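Observations on the model geometry
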Amino acid sequence: MQRNIWLMAVSIIVILILINNTAYYFLTKRTLEEALNHEMLTLAKQLEISLEQSRLGAERFQDQIGRELRAASIATQYALDPDVEKVTNEQLAELRDKLGLNHITLLKREPDDIVLYRSSDPTQLGKSTRSWDPWYTAFNQLFDDKEVTVDWLGQNLKNFWSGPFEVSSTDVSKIYKWGYYYDGASNYIVDPYISYELQDEYEKLTGVNRMIENSVKHNDSLLEISFINPETFPDGKQTIHPNGDVQEHQVQRPIFYGTYTLKSKKDTELVRTAYLSKQMVTLKEVIDGKHVFKMFIPVDVTDKGMSITDENGIPMNGYVLSLVSDYHVVQEQLDKQFLNLGLIIIIVTGLSLLIAYVGMRYYRQSRDKAVRVTQETYVDEINQMFHSIRAQRHDFLNHVQTIHSLAELSKTKELVAYTKELTGDIRLMNDIINIGNPAIAALIRSKISQAESHKIQFACSFSGLNMQEMGAKTLDVNRILGNLIDNAFDEAVKYPEEQRIVNLTGNQTAQELELTISNICAEAAEVITKPLMQAGYSTKQDEHQGLGLSIVKSIADKYKGTVSVIAEPESCISFIVIIPI
C-alpha cells in the first residue's frame, strides 16, 4: 500500500513538472516567435525608409531628366525656323544627334487634331494624338498658352510639361520620357524624348532595384521584396493598340519595383486589406515547397510624388511594400533556442525529481520512525495493562479465599471494606478497557500507574469514544492527553498527598470530541492570565522547557479546534480541548 502511495506521489510530481515545463516551452516559443516577428518588422521599417529614400532619389533623377528635356526643347526651337513647314526631318535628326536625344518630334495643331508633323523618327510622321488621353488635353493647353492641369502624373515647368516614362503608343516595345515645349514663338510644340535606358541604368546603380538586390543578398531570411500598386495588382492595366498589339502602361504596372515570383492566392485580398486599412498584414504559407512568411506593409507617399497611377490614370498617394522571408531560416533560429531550452528543461526536471525523491524518502523515514516509536510506546503501555489484568486474574482465587474466610468469621465490616477496595480496582480496570480505543486505554493505564507512584488521586471517565470517528488521529489525541496529564501531575505533586487530585473526562458526540482535565492549583485565577500556551513559557522552576501546552495548542489548531483554560471552582484549574468532527 505504501509503495503504491509513493509511486502515485512520484507520478503526480512528474506530471506536474511536465505540465509546467510544457507550458513554459510553448510560452517561450511564442515569445521567441513574437521577438523574431518584431525583428522582421523592424527590418521591414528600415527597408521601407531606405527604399523610399532610393525611390525619391529615382523620382528626382527623372525630374532632372525632364529639366534637361526642356533645355533641349529650347535649344531645338532656337536652332529651327519658327514655321513648321520650313523645318525638315533631316534637321531634326541632326539636332537629335548633337543634343544626345533618342528623337525629336514637332507637333502641329490642326482644326480637329494635333498631329506628329515632323520627326527624326520616320515611324512617327502623320500620327494623330486625338486618342491620347490625357496627352491630347495637355497639348491643347500648351497651344493655348495655359498651364497644364491634366489629372495625370507629370512635371510642370514654364511653357513645358513632361509625363513619366511610359510605353510608346507608336512602338509598344519601347519606353520613353517625352518633353513638350511651347512658348508661342513658333507654330509647333517641340517634343524631344529619351529612352528608359538612362533611368534604368541609374536605378541599377543607385536606385530602388539596386537597394532591393542588396537587401535580399545580405539578409539570409529575405527571399523577395516587391513594391505593389494595390489598385492594379496583380494583372496591371493593358490596352489594345490599333495595330493589334497589347500595350502595357509603365505607370500602371502592378509591380513597379522588385520582383513577384512567390505567389499565393491570398495575396490580392491581403494587399487590398493592407492598403485600405493602413495596417500591416502577414501571411504564413507553403509556396513552391518553401515555408514563407509574408508581410504586406502600407506606405503613404502623400506630397512626396510618385510615378504610379490607378487603373483610371489617377495618381496614387500610397503603395504596399511586400517582404517575403524564408520561415525555415526563422525556424532554424527558433530550433537553436529550443535546443538550449530543452536542455534546461531536462536538467530542471532531473533536479526536481531528485529533490522530490530525497524529500519523499526523508518524509517516509521520519514517518516510519515516528510510527515505530509510537508503536513501541503503545506496546509497552498495552503490555502493562494486560499484565495488570493477568495479575488480577491470578489473584482472583486469593481474593475469593479471603472473602470466604471473612464471611466465616463474621467479620462484616472488614468484608465490606475489602470488597469495596476490590470492586473499585476492578471497576477502574474495566473503565480503562471500555474506553474503546486501545492506544488511548494503554496511555491512561500507564498514567494511572504513574499517578499511583506519585500518590496522586487520578480519576478518569470516557464516553462515546470511537476510534474510526474521532475527528483526529489517535496519535495526536494521545499527544494532547499525555501533555495535559503530565502538566496536571507536575502541578499536583506540589501539594500534600490528600490534595493531589486530578480528574480527566473525555466525551465524543456526533459534532465534537471534548477532553477536560482538572487539577489543584492554589493560584488558579492568577495563572490563567499568563501566556500558558506560548512556546517556552513555564510556571515551573525546574528544567521544564514549557512546550507541553504549546504542543496541545498547535495540535488543536491543526484540526481547527480550541483550547480554553478556566479557574472554577476556586483553587482548581481546568483545561478544555474541543476538536470538531
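Shown above is the structure to which this text applies.
Bear in mind the structure is a predicted one, so any value in this text is a computation, not a measurement.

1. Observations regarding the overall build of the chain
- The number of helices and strands found in the chain is 13 helices and 19 strands.
- Every one of the 581 residues in the chain was classed for burial, and the buried ones make up 41%.
- If you take every contact in the chain between residues at least 6 apart in sequence, the share linking residues at least 24 apart comes to 63%.
- Accessible surface computed for the chain: about 32,000 Å², of which carbon and sulfur atoms make up 54%.

2. Comments concerning the pattern of salt bridges
- Counted by the stated rule, this structure contains 14 salt bridges.
- Notably, a salt bridge pairs Arg-272 with Glu-231, separated by 3.4 Å at the nearest N-O pair. Of this pair, Arg-272 sits in helix H6 (residues 267–277) while Glu-231 sits in the loop between strand E8 (222–228) and strand E9 (238–240); the two residues are 41 residues apart in sequence, bridging distant segments of the chain.
- Owing to a relative accessible area of 28%, Glu-231 belongs among the partly exposed residues under this scheme.
- One salt bridge in this structure joins Asp-476 and Lys-558, with 3.2 Å as the shortest N-O distance.

3. Structural notes on helix H3 (residues 135–143)
- Within H3, 8 of the 9 residues are buried, leaving the element largely enclosed by the surrounding structure.
- Contact partners of the buried residues in H3: strand E1 (103–110), strand E2 (113–119), strand E4 (160–162), strand E5 (166–167), strand E6 (175–181) and strand E7 (188–195).
- Asp-145, located one to two residues past H3, shows a positive phi value of around 60 degrees.

4. A closer look at the packing of aromatic side chains
- Taken as a whole and assessed by the stated rule, the structure comprises 15 aromatic pairs.
- Ring plane angle 75 degrees and centroid distance 5.9 Å describe the contact between Phe-227 and Phe-256, whose orientation is recorded as edge-to-face. Here Phe-256 lies in strand E11 (residues 255–258) and Phe-227 lies in strand E8, a separation of 29 residues in the sequence.
- When its relative accessible area of 7% is taken as the criterion, Phe-256 is described as buried.
- On the basis of an interplanar angle of 70 degrees and a centroid distance of 5.2 Å, the ring pair of Phe-233 and Tyr-260 is categorised as edge-to-face. Separated by 27 residues along the polypeptide, Phe-233 in the loop between E8 and E9 and Tyr-260 in the loop between E11 and H6 bring together distant segments of the chain. This pair shows no difference in class: Phe-233 is buried, exactly as Tyr-260 is.

5. Notes on the pairing of strand E19 (residues 572–580)
- Burial analysis of E19 places 7 of its 9 residues in the buried class, which makes it a mostly covered element.
- Pairing geometry for strand E17 (residues 512–520) and E19, over 9 bridges, is antiparallel. The residue of E19 that forms the bridge with Thr-516 is Ile-576.
- The loop that links strand E18 (residues 562–566) with its antiparallel partner E19 comprises 5 residues; one of these, Ser-571, has a positive phi angle of about 65 degrees.

6. Some details on the sheet that holds strand E13 (residues 290–300)
- Read from one edge to the other, the open sheet built from 5 strands follows the order E11-E8-E14-E13-E12, with strand pairing classed as antiparallel. Each end of this open sheet is capped by a strand with a single partner; those strands are E11 and strand E12 (281–287). Neighbour-to-neighbour, the strand axes of this sheet turn through a mean angle of 25 degrees, independent of strand direction.
- Pairing of E12 with E13, which is carried by 7 bridges, proceeds in the antiparallel orientation. Pairing of Ile-287 across the sheet is with Lys-290, part of E13.
- In the packing of helix H5 (residues 208–217) onto the sheet, contacts are made with E8 and E11, and the angle to E8 comes to roughly 155 degrees.

7. Some remarks on the packing of helix H10 (residues 438–453) against helix H11 (residues 474–492)
- Where H10 contacts H11, the axes come no closer than 10 Å and their chain directions differ by 15 degrees. When the axes of H10 and H11 are compared, the pair comes out roughly parallel. In the crossing of H10 with H11, the sense of the turn from one axis to the other is right-handed. Contacts between H10 and H11 involve Ala-439, Ile-440, Leu-443, Ile-444, Lys-447, Gln-450 and Ala-451 from the first element and Thr-474, Val-477, Asn-478, Leu-481, Gly-482, Ile-485, Asp-486 and Phe-489 from the second.
- Partitioned by chemical class, the residues of the contact of H10 with H11 number 9 nonpolar, 4 polar and 2 charged.

8. Here we look at H5
- Along H5, the residues that are buried comprise Val-208, Ile-212 and Ser-215. Taken down its axis, H5 places every buried residue within 65 degrees of arc, on the same side. Opposite its buried face, H5 presents the exposed residues Glu-213 and Lys-217, each directed more than 90 degrees away.

Conventions used here
- Residues numbered from 1 in each chain as written.
- Predicted model: local features only at pLDDT ≥ 70, side-chain atom pairs only at ≥ 80, totals over all residues.
- Heavy atoms only, no water.
- Helix = DSSP H or I, 4+ residues; strand = E, 2+ residues; numbered from the N terminus.
- Buried < 20%, exposed > 50% of the residue type's maximum accessible area, 1.4 Å probe, protein only.
- Contact = heavy atoms within 4.5 Å.
- Areas by Shrake-Rupley, 256 points an atom, 1.4 Å probe, with all protein chains shown as cover.
- Salt bridge = Lys/Arg side-chain N within 4 Å of Asp/Glu carboxyl O.
- Phe/Tyr/Trp six-rings, centres within 6.5 Å; stacked < 30°, edge-to-face > 60°.
- Pairing = 2+ DSSP bridges.
- Axes fitted to C-alpha atoms, helices over the stretch in contact; angles between N-to-C directions.
- Parallel < 35°, antiparallel > 145°, perpendicular 65-115°, else oblique.
- Left-handed = near helix turned anticlockwise from the far one by under 90°.
- Nonpolar A, V, L, I, M, F, W, Y, C, P; charged D, E, K, R; others polar.
- Arc of directions from axis to C-beta.

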